[in-house]
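# Architecture and fold: a report
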Amino acid sequence: MFSAKVTQDKTGTKHATLLSEGCELQGDLMLDCNMQIDGQLLGNVRSTHAITISQPGRVQGKVYARHLIIKGRAEGEFYAEQVEILQSGVLSGTIYSDNLSIEPGGRFIGEVQAADSSRKTGSNKSVLPLRDARGKVLSMTTAQQSAN
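In this text, all values refer to a predicted model and were calculated from it rather than measured experimentally. Residue numbers here run from 1 along each chain, matching the order of that chain's written sequence. Given that this is a predicted model, residues contribute local features only at a pLDDT of at least 70 and side-chain atom pairs are listed and counted only at 80 or more, while totals for whole chains, interfaces and linings are drawn from all residues. Just so you know, side-chain values use all the structure's heavy atoms and leave hydrogens and water out.

## Some words on the overall build of the chain
We count a stretch as a helix when DSSP gives it H or I for four or more residues in a row; a strand needs E for two or more, and each element gets its number in order from the N terminus. Helix and strand counts for the chain stand at 1 helix and 13 strands. Reading the helices (α) and strands (β) of the chain from amino to carboxyl end gives β-β-β-β-β-β-β-β-β-β-β-α-β-β. Burial classes: relative accessible area under 20% of the type maximum marks a residue as buried, over 50% as exposed, and values in between as partly exposed (1.4 Å probe, protein chains only). Counting all 148 residues of the chain, 39% fall into the buried class. Note on contacts: a residue pair is in contact if any heavy atoms of the two residues lie within 4.5 Å. The contacts of the chain with a sequence gap of at least 6 include a subset with a gap of at least 24, amounting to 9%. Here the chain has roughly 8,200 Å² of accessible surface; of this, 47% comes from carbon and sulfur atoms. Under the convention used here, a 1.4 Å probe and the Shrake-Rupley method define accessible areas, while residue burial counts only the protein chains that appear.

Take a look at the structure:
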């Protein structure tokens, strides 16, 4: 179902998680690596790196990532620094990002909101990276903002 590939990509990340075609996962994932979804994910996924939904892949839920690449189908809420909908990609729902690109042939049905943290969840919560003492990002987490 999942396999870890030890390869180094252009971002310097050494690990990736793969949800293979024909596999279905229901639930929530938190990752400190890239992820490629070729199967079906029903639930929420948080990654401190890139998430790619490949052409056979389907996602329904909330996705939090630094970089989101859509080649397959996705439905839900998407929070990312950068979102790319490629030629074969179909995304429906709400995107929270300041950097969205859609290639010719890519489809988007929904709305785009600025990456303002108070608008992301409709509350006073925002998505913040959890860092260790050296400043290295450990995982994504939902944290309460201080009320000022």
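## A few points about the pattern of salt bridges
The working definition used for a salt bridge is a side-chain nitrogen of Lys or Arg within 4 Å of a carboxyl oxygen of Asp or Glu. One pass over the full model with this rule turns up 2 salt bridges. Among the salt bridges present, the one from Lys62 reaches Glu77, with a minimum N-O distance of 4.0 Å. Of this pair, Lys62 sits in strand S7 (residues 58–70) while Glu77 is found in strand S8 (residues 73–85), placing the two residues 15 residues apart along the sequence. Residue Arg66 pairs with Glu81 through a salt bridge whose shortest N-O separation is 3.7 Å. In this pair, Arg66 sits in strand S7 while Glu81 sits in strand S8, placing the two residues 15 residues apart along the sequence.

## Structural notes on the side chain of Thr94
With respect to the element layout, Thr94 can be found in strand S9 (residues 90–96). Excluding anything up to four places from it in sequence, Thr94 contacts Gly76, Glu77, Phe78, Glu111 and Gln113.

## Brief notes about the nonpolar core
Note on terminology: a nonpolar core comprises buried Ala, Val, Leu, Ile, Met, Phe, Trp, Tyr and Cys residues joined through side-chain atoms within 4.5 Å. In terms of nonpolar packing, the biggest core is built from 23 residues, with Met35, Ile37, Val45, Ile51, Ile53 and Leu68 touching the most fellow members. Contributions of two or more residues to this core are made by strand S3 (24–31), strand S4 (34–37), strand S5 (40–47), strand S6 (50–53), S7, S8 and S9.

## Quick look at the pairing of S5
Working note: regular strand, side chains alternate between the two faces of the sheet. Here 8 bridges tie S3 to S5, and the two strands are oriented parallel to one another. Of the residues in S5, the one forming a bridge with Leu25 is Leu41. When DSSP finds two or more bridges between a pair of strands, those strands are recorded as paired. In this structure, S5 lies alongside S7, joined through 5 bridges in parallel fashion. Its bridge partner lying in S7, Leu41 is registered against Val59.

## Here we look at the environment of Leu68
Following the sequence through the fold, Leu68 ends up in strand S7. Given the relative accessible area of 0%, Leu68 is considered buried. Considering only alpha carbons, one finds Leu68 and Ile85, 17 residues apart in sequence, at a separation of 8.4 Å. Excluding its chain neighbours within four sequence positions, the residues that come into contact with Leu68 are Ile51, Ile53, Val63, Phe78, Ala80, Gln82, Val83 and Glu84.

## With respect to the packing of aromatic side chains
The criterion for an aromatic pair is that two Phe, Tyr or Trp rings (for Trp, the six-membered ring) have centres within 6.5 Å, with stacked assigned to planes under 30 degrees apart, edge-to-face to planes over 60 apart and tilted to the rest. Enumeration according to the criterion identifies 2 aromatic pairs in this entry. Taking the centre distance of 4.5 Å and the plane angle of 5° together, the rings of Tyr64 and Tyr79 count as stacked. A residue pair is termed long-range when its members are at least 10 positions apart, and Tyr64 in strand S7 and Tyr79 in strand S8 qualify at 15 residues. There is no split in this pair, since Tyr64 and Tyr79 are both buried. Aromatic side chains Tyr79 and Tyr96 sit 4.6 Å apart centroid to centroid with 5° between the ring planes, which places their arrangement in the stacked category. With Tyr79 in strand S8 and Tyr96 in strand S9, the pair connects residues that are 17 residues apart, well separated along the chain. The exposure class of Tyr96 is buried, given its relative accessible area of 10%. Members of the aromatic cluster, connected to one another through ring pairs, are Tyr64, Tyr79 and Tyr96. Residue placement shows Arg46 over the ring face of Tyr64; its charged tip is 3.8 Å from the ring centre. A ring has a charge above it when a Lys NZ or an Arg CZ is no more than 6 Å from the ring centre and no more than 35 degrees off the ring normal.

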